[in-house]
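Chain residues, written in single-letter form:
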Amino acid sequence: MKAIFLGIGLLALSATPGLAQSCADHLKEFDTALAAAQIDPDAMAQLQDMRAQAAGLCAAGNEEEANDVLSEANAMLGDQ
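The structure presented is a predicted model; accordingly, all values stated were derived computationally and were not measured.

*Asks:* Quick rundown of the state of the cysteines? Include the residues and the values.
*Replies:* Scanning all chains against the criterion turns up 1 disulfide. Put simply, Cys 23 and Cys 58 are joined by a disulfide, and their sulfur atoms are 1.6 Å apart. With the S-S bond torsion at -65 degrees, the cross-link from Cys 23 to Cys 58 turns out left-handed. Of this pair, Cys 23 sits in helix H1 (residues 2–36) while Cys 58 sits in helix H2 (residues 41–59), and the two are 35 residues apart along the sequence. Of the two residues examined, Cys 23 and Cys 58, each falls in the buried class.

*Asks:* How would you sum up the pattern of salt bridges? Please name residues and give values.
*Replies:* Under the counting rule described, the total for this entry stands at 1 salt bridge. One salt bridge connects Asp 31 with Arg 51, and the closest N-O pair in it is separated by 2.7 Å. On the criterion of sequence distance, the pair formed by Asp 31 in helix H1 and Arg 51 in helix H2 is long-range, its members being 20 residues apart. According to the relative accessible area criterion, Asp 31 is partly exposed, its value standing at 28%. Take Arg 51: its relative accessible area is 24%, and that puts it in the partly exposed class.

Conventions used here
- Residues numbered from 1 in each chain as written.
- Predicted model: local features only at pLDDT ≥ 70, side-chain atom pairs only at ≥ 80, totals over all residues.
- Heavy atoms only, no water.
- Disulfide = S-S within 2.5 Å.
- Helix = DSSP H or I, 4+ residues; strand = E, 2+ residues; numbered from the N terminus.
- Buried < 20%, exposed > 50% of the residue type's maximum accessible area, 1.4 Å probe, protein only.
- Salt bridge = Lys/Arg side-chain N within 4 Å of Asp/Glu carboxyl O.

Have a look at this one:
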């Protein structure tokens, strides 16, 4: 029984860095798309604010929320 709990604990610890990397990867992808975008200054400011919010969420360990914000920002970027 102890081995099962130890295995679950090790699995959880090993998964955490992967999630953080995923968040960082999404930020880099968004930065690349944002740099190439031809959009008006108001939209650019809003997207930069969303990027900053996502970066803060990533740093706080809220990768899922950060990815949600980046998904919304990417959708806005695609609509421009």
